[in-house]
Amino acid sequence: MPRHPLRAATAICGLGLTEVGRVYDRPASDFAAEAVLLALEDAGLERRELDGLLVSAGMSGGPDLSLALQLGLPELRVCTQLNAYGSTAAQMVQYAALAVASGMARHVACVFADAPLRRGESTGAAYAGGRRAPRGFGGLGAAYGYGGPIPWYALAAQRHMDLYGTTQDQLGAIAVATRAWAAGNPRATFREPITLADYRASPWVVEPFHVLDCCLVSNGGACVIVTGAERARDLRRPPVYVHGMGQAHRFDLGRADLEVATRTPALESGLAAFAMAECTPADVTVCQLYDCYTYTVLVTLEDYGFCAKGEGGPFVAEGRLGPGGALPTNTGGGELSSFYLWGMTPLSEAVIQGRGDGGARQVPDNRRILVSGNGGVLSHHATLLLSPEAA
Amino acid sequence: MSAEQAAAPLLEADERSAPFFAAAARGRLLLQRCEGCGAWHFPLRRRCSSCGGTRLAFAEASGRGVVHSHARAHRAPHPALRARLPLELVAVDLEEGVRVMARLAADAPAVRAGAPVRVVFEPVGEGLALPVFQPV
């Protein structure tokens, strides 16, 4: 089979990460503007060289297309706002790669920012508690006790436990491994190591999820810049090449015959990305997986084919994902322990690892980096395979 | 939590949902059904997602199904539910081929995926009731 014409034809050449976490009194649009400027500086690009801008907003409403005005970018060749929730960041890299490969644009900034946390409000309030339930059928969920995304993911995880015997401690193993990685990331919100005993003692939110099964909520912004492979080699930082990409979307339409809780679109998205990059899960040296909940990591690993369906529990146990494990995963501490900027959390860590900038947490082998984005309730999926090597 | 939210009723029917909640108060489970292709729907739709048709009408459903999954909520999205925590959330695959999000009946025994259940009704305020599920 001939090599895919877009394999390693483009690369990530710039990364901008603002301060993240409980950073107050700044709108999301300002985090976005700073992230783009940081990414330009990182790449060694002039602002006028930026001719593409893809914008993704989180829960708090900003940023939008007015970002181009704030950044003083009067002329662009590609400019739009996208949203497929947590899969958007990986998707933006894909659309940027297509735009660059087609010649539509030369340097495309992909930016996400959000500022849902407000001073004096709880983390939970940022995603669930601030809205009044609507009247009629729309209020039915809240009347039962459903609020925010956690119950939906909890139902999915519990079904996996009921069908396959996945245990609470196996979910906990993901939380423990991810926190162990966070210890090596100065940017991480929580860096104190945790044990399975700490995990078991953490309060319930919606069983089977403890607090430590759930991601953080963070304010901040992140940007990556995509350019052509040749161009990337002339810029300031080592290129991180885009070898494979894929997307898939499957929805819970309320049909009882559709299995969406334990079988996600990571399957089709992964197959497409692996085919383009001409590799298999066995070739992956490090994973950066969307970890809105511990369970998301487990089911994503299964659907990508790292283990058989139903065997994710034993697969993640015994420290396989943590520092020193056979499959280093979420090496920056992920969304569970480091910070939550939707798909920019795994993507930014992939760029850091791809460049060898991981410091204390740098993995020994960064040649095949798998990045996932997940949005909705396991509904939208996007996959990237990245590498510091062009071959 | 705003004062307005704290004072809001747990559930309010509107014009579209009123037949559903009124039937529930009389012990009947209504679901939308497409008069063109016969597909059942939950929640409410304006257009049938199976055939694209727009003739959707409430029809009485069996109320029988099996547990798709379950989750025990220790936090309540509405202050009126706080005294009842934890809440046994349940997703049920009905015989009609529809998956409904609901809750187990108060004091129902624990369930697992695949457990057979049937609908019962729990009064919520004046003339309104919620369909909830009971293991059989």
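Before reading further, recall that the structure is shown in the block above.
Residues numbered from 1 in each chain as written. Chains lettered and ligands numbered in written order. Predicted model: local features only at pLDDT ≥ 70, side-chain atom pairs only at ≥ 80, totals over all residues. Heavy atoms only, no water.

A few words on the overall build of chain A. When its secondary structure is counted, chain A shows 14 helices and eleven strands. Against the globule reference of 21 Å for 391 residues, chain A gives a C-alpha radius of gyration of 20 Å, in line with a compact fold. In terms of overall dimensions, chain A has a C-alpha envelope of 50 × 45 × 40 Å along the principal axes. Per-residue burial over chain A gives 63% buried out of 391 residues. Pairs at least 24 apart in sequence give 76% of the contacts found in chain A among residues at least 6 apart. (Helix = DSSP H or I, 4+ residues; strand = E, 2+ residues; numbered from the N terminus. Rg over C-alpha atoms; globule rule 2.2 N^0.38 Å. Buried < 20%, exposed > 50% of the residue type's maximum accessible area, 1.4 Å probe, protein only. Contact = heavy atoms within 4.5 Å.)

On the chain B side, the residues contacting the 36 residues of chain A number 42 residues. Roughly 3500 Å² is buried in total at the junction of chain A and chain B, and carbon and sulfur atoms are behind 57% of that figure. Across the salt bridge formed by Glu12(B) and Arg135(A), the nearest N and O atoms sit 3.7 Å from each other. One can count 20 residue pairs in polar contact (both at pLDDT 80 or more) joining chain A with chain B. (Buried area = accessible area lost by both parts, 1.4 Å probe. Salt bridge = Lys/Arg side-chain N within 4 Å of Asp/Glu carboxyl O. Polar contact = N/O pair within 3.5 Å; in protein donor to acceptor, adjacent residues only side chain to side chain.)

As a further point, take the packing of helix H7 (residues 168-182) of chain A against helix H11 (residues 294-304) of chain A. Residues and elements named next belong to chain A. Contact pair H7 / H11: the axes reach a minimum separation of 9 Å and the direction vectors enclose 100°. Viewed along their axes, H7 and H11 adopt a mutual orientation that is roughly perpendicular. Packed against H7, whose contacting residues are Leu171, Ile174 and Ala175, the element H11 presents Thr294, Tyr295, Val297 and Leu298 at the interface. When grouped by side-chain class, the residues that make up the contact of H7 with H11 number six nonpolar, one polar and no charged. (Axes fitted to C-alpha atoms, helices over the stretch in contact; angles between N-to-C directions. Parallel < 35°, antiparallel > 145°, perpendicular 65-115°, else oblique. Nonpolar A, V, L, I, M, F, W, Y, C, P; charged D, E, K, R; others polar.)

All names here are of chain A. Spatially, the nine strands line up as an open sheet ordered S3-S2-S4-S7-S1-S8-S11-S10-S9, and their pairing is mixed. The two strands at the open ends of the sheet, each matched to only one other strand, are strand S3 (78-82) and strand S9 (286-288). Between one strand axis and the next, the sheet turns through 25° on average, direction left out of account. As defined by bridge partners, strand S8 (residues 240-249) adjoins strand S11 (residues 380-387) across eight bridges and the pair is classed as antiparallel. From the neighbouring strand, Gly244 faces S11, where its bridge partner is Leu385. Against the sheet, helix H14 (residues 344-355) makes contact with strand S1 (10-17), strand S4 (108-114), strand S7 (220-228), S8, S9, strand S10 (369-375) and S11, and its axis sits at roughly 110° relative to S1, the strand it touches most. (Pairing = 2+ DSSP bridges.)

Quick look at the packing of aromatic side chains now. On inspection of all chains with the given rule, the structure shows eleven aromatic pairs over all chains. With centroids separated by 4.6 Å and ring planes inclined at 35°, the aromatic side chains of Tyr153(A) and Tyr293(A) adopt a geometry described as tilted. In this pair, Tyr153(A) sits in helix H6 (residues 150-164) while Tyr293(A) sits in the loop between S9 and H11, placing the two residues 140 residues apart along the sequence. For Tyr153(A), a relative accessible area of 3% corresponds to the buried category. Summarising the aromatic geometry, the rings of Tyr290(A) and Tyr340(A) are spaced 6.4 Å apart at their centres and angled 70° between planes, so their arrangement reads as edge-to-face. With Tyr290(A) in the loop between S9 and H11 and Tyr340(A) in the loop between helix H13 (334-338) and H14, this residue pair connects regions lying 50 residues apart in the sequence. As far as the burial class goes, Tyr290(A) and Tyr340(A) line up, both buried. Linked through ring pairs, Phe137(A), Phe20(B), Phe21(B) and Phe42(B) together constitute an aromatic cluster. A cation over a ring is seen here: Arg320(A) above Phe315(A), with NZ or CZ 4.0 Å from the ring centre. (Phe/Tyr/Trp six-rings, centres within 6.5 Å; stacked < 30°, edge-to-face > 60°. Lys NZ or Arg CZ within 6 Å of the ring centre and 35° of its normal.)

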